[in-house]
Amino acid sequence: MLNCASHPNEGLELKHGTHIPRKRFGQHFLTDTFVIEAIVQAISPKAGDAMVEIGPGLAALTQPLVERLGALTVIELDRDLAQRLRSHGQLKVIESDVLKVDFRQIAQAQGATKLRVVGNLPYNISTPILFHLLDQVEVVEDQHFMLQKEVIDRMVARPCTAAYGRLSVMLQWRYAMENVLFVPPESFTPPPRVDSAVVRMVPRSDAAPLDVNVLSELVQVAFSQRRKILRHTLGSWLQAKNFNGDFDVQRRAEEVPVDEYLALALSVPSMS
Ligand code: SAH
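Where an unreviewed UniProt entry is consulted, the protein appears under the name Ribosomal RNA small subunit methyltransferase A, with the organism given as Rhodoferax lithotrophicus. Taken verbatim from the UniProt record of the protein, the Sequence similarities (unreviewed entry) comment is "Belongs to the class I-like SAM-binding methyltransferase superfamily. rRNA adenine N(6)-methyltransferase family. RsmA subfamily." Under the heading Catalytic activity (unreviewed entry), UniProt records this for the protein: "adenosine(1518)/adenosine(1519) in 16S rRNA + 4 S-adenosyl-L-methionine = N(6)-dimethyladenosine(1518)/N(6)-dimethyladenosine(1519) in 16S rRNA + 4 S-adenosyl-L-homocysteine + 4 H(+)".

Moving on: the domain arrangement of the protein. On domain assignment, one finds that the protein holds domain 1 (16-203) and domain 2 (212-267). Summarising the inter-unit geometry, the C-alpha centres of domain 1 and domain 2 are found 32 Å apart. Each partner contributes to the interface: domain 1 provides 11 residues, whereas domain 2 provides 15 residues. The contact between domain 1 and domain 2 buries some 1,100 Å² in all, and 72% of this surface belongs to carbon and sulfur atoms. Looking at the side of domain 1 facing domain 2, the largest losses of area belong to Tyr 164, Arg 166 and Val 169, adding up to 45% of the total buried there. Summed over the shared surface of domain 1 and domain 2, the result is 7 residue pairs in polar contact (both at pLDDT 80 or more).

Turning our eyes to something else, we now look at the site of the ligand. The local shell around the ligand holds 22 residues, among which Gln 27, Leu 30, Gly 55, Glu 76 and Asn 120 are the closest. Backbone polar atom of Leu 30 to an oxygen atom of the ligand: 2.8 Å apart, as the coordinates give it. The contact in question runs from a nitrogen atom of the ligand to an N or O atom on the side chain of Asp 97, over 2.9 Å. Within the complex, 98% of the 560 Å² of free accessible area of the ligand lies under protein. Grouping the amino acids of the shell around the ligand by side-chain chemistry returns 11 nonpolar, 7 polar and 4 charged.

This structure, assessed with the given rule, holds 2 aromatic pairs. An angle of 75 degrees between the planes, with centres 5.9 Å apart, marks the rings of Tyr 164 and Phe 223 as edge-to-face. Taken together, the residues span a long stretch of sequence, with Tyr 164 in the loop between α6 (149-155) and α7 (166-174) and Phe 223 in the loop between α8 (212-222) and α9 (234-240) at a distance of 59 residues. When sorted by exposure, Tyr 164 lands in the same class as Phe 223, which is buried. A centroid spacing of 5.8 Å and a plane angle of 40 degrees characterise the contact between Phe 223 and Tyr 261, whose relative ring orientation is tilted.

Viewed as axis vectors pointing N to C, α8 and helix α10 (residues 258-267) meet at an angle of 125 degrees, and their least axial separation amounts to 9 Å. Here α8 is positioned oblique relative to α10, judged by the angle of their axes. Two packed elements cross with a definite hand, and for α8 against α10 that hand is right-handed. Along its contact with α8, which presents Val 214, Leu 215, Leu 218, Val 219 and Ala 222, the element α10 presents Tyr 261, Leu 262, Leu 264 and Ala 265. For the contact of α8 with α10, a count of residues per class yields 9 nonpolar, no polar and no charged.

By the alternation rule, side chains of strand β2 (residues 51-54) split into Met 51 and Glu 53 and Val 52 and Ile 54, which are all buried. Two elements, β2 and strand β3 (residues 72-76), share 3 bridges in a ladder whose sense is parallel. Paired with Val 52 across the strands is Thr 73, a residue of β3.

UniProt's entry tags His 28, Leu 30, Gly 55, Glu 76, Asp 97 and Asn 120 with the feature "binding site: S-adenosyl-L-methionine" (unreviewed entry), counted in the numbering of this structure. Secondary-structure assignment places His 28 in the segment before β1 (29-30). Dropping the residues within four chain positions of it, His 28 is found in contact with Asn 120, Phe 188, Thr 189, Pro 190, Pro 191 and Pro 192. Accessibility expressed as a relative area gives 13% for Asn 120, which makes it buried. Apart from residues no more than four positions distant in its own chain, Asn 120 is found in contact with His 28, Leu 30, Ile 54, Gly 55, Leu 61, Met 146 and Phe 188.

Glancing now at the UniProt feature "domain: Ribosomal RNA adenine methylase transferase N-terminal" (unreviewed entry) in the protein. UniProt's feature table lists "domain: Ribosomal RNA adenine methylase transferase N-terminal" (unreviewed entry) at residues 35-205, given in the numbering used throughout. The distance separating the terminal C-alpha atoms of residues 35-205 is 31 Å; by composition the span is 33% helix and 28% strand.

What counts, and at which threshold
Residues numbered from 1 in each chain as written. Predicted model: local features only at pLDDT ≥ 70, side-chain atom pairs only at ≥ 80, totals over all residues. Heavy atoms only, no water. UniProt positions renumbered as here; feature names shortened; annotations may be inferred. Domains from an automatic or database assignment. Contact = heavy atoms within 4.5 Å. Buried area = accessible area lost by both parts, 1.4 Å probe. Polar contact = N/O pair within 3.5 Å; in protein donor to acceptor, adjacent residues only side chain to side chain. Near = heavy atom within 4 Å. Areas by Shrake-Rupley, 256 points an atom, 1.4 Å probe, with all protein chains shown as cover. Nonpolar A, V, L, I, M, F, W, Y, C, P; charged D, E, K, R; others polar. Phe/Tyr/Trp six-rings, centres within 6.5 Å; stacked < 30°, edge-to-face > 60°. Helix = DSSP H or I, 4+ residues; strand = E, 2+ residues; numbered from the N terminus. Buried < 20%, exposed > 50% of the residue type's maximum accessible area, 1.4 Å probe, protein only. Axes fitted to C-alpha atoms, helices over the stretch in contact; angles between N-to-C directions. Parallel < 35°, antiparallel > 145°, perpendicular 65-115°, else oblique. Left-handed = near helix turned anticlockwise from the far one by under 90°. Pairing = 2+ DSSP bridges.

Below is the structure:
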């Protein structure tokens, strides 16, 4: 067992007893000090890093992070939790829905070119959050997120597996990703009904310079009927786009590697 010198909530007086978890905000608070320490180690915060935490909740991760960073920006939708967090002198609290937050503005306000983004995300909106950040990837240094394990499995999935799909192609285009930690339901209060895991996402510097809308539509069409031969779905779509390049449509969507989807997205005419 790890010997944690300081209690993660020390100095904040944020006790579970005084906050009733709100289901609609996906509130499952981390309570396992071993897991908290392992996540902080995976993030490896350094003094002065420009970091943003999504959904700090009762500050289980927030406190050990800010002790190492010196300062931290947090985005919390729950008005009561945001109110409590404001009493912490080292935190800048943005009380808002993360899906409405402009990360470019946060970077600018901090005088940073790139942000490190972390969080134990509300699972009900985790995919929209991932796509919201994909739109602003140019201001992101790296991301560490606690998510439903099943979602991370889809993010990092390889071709020819059941988990391989739209999320795998869209995110593998833009990020190098790895699953860094498995987290069981009992690590949270209240425990979620699903297994969780922590993913590390680092924006790729060599990402193909393609139109995200083209890629998005292309993989949506391809995976709309994942069991069917692509000729019936993507084939017709490509024809409508007057595509006359080389692409084998006698396959299923899940048999096509990410690189081939990217090459295809680069070679069909842009939609804008
Ligand atoms: N990080 C904490 C809490 C995780 S639970 C911990 O690990 O213990 C998810 C947190 O996200 C809650 O604090 C919840 O209030 C917050 N949240 C839910 N929806 C949100 C949204 N749309 N924008 C910002 N925060 C949100």
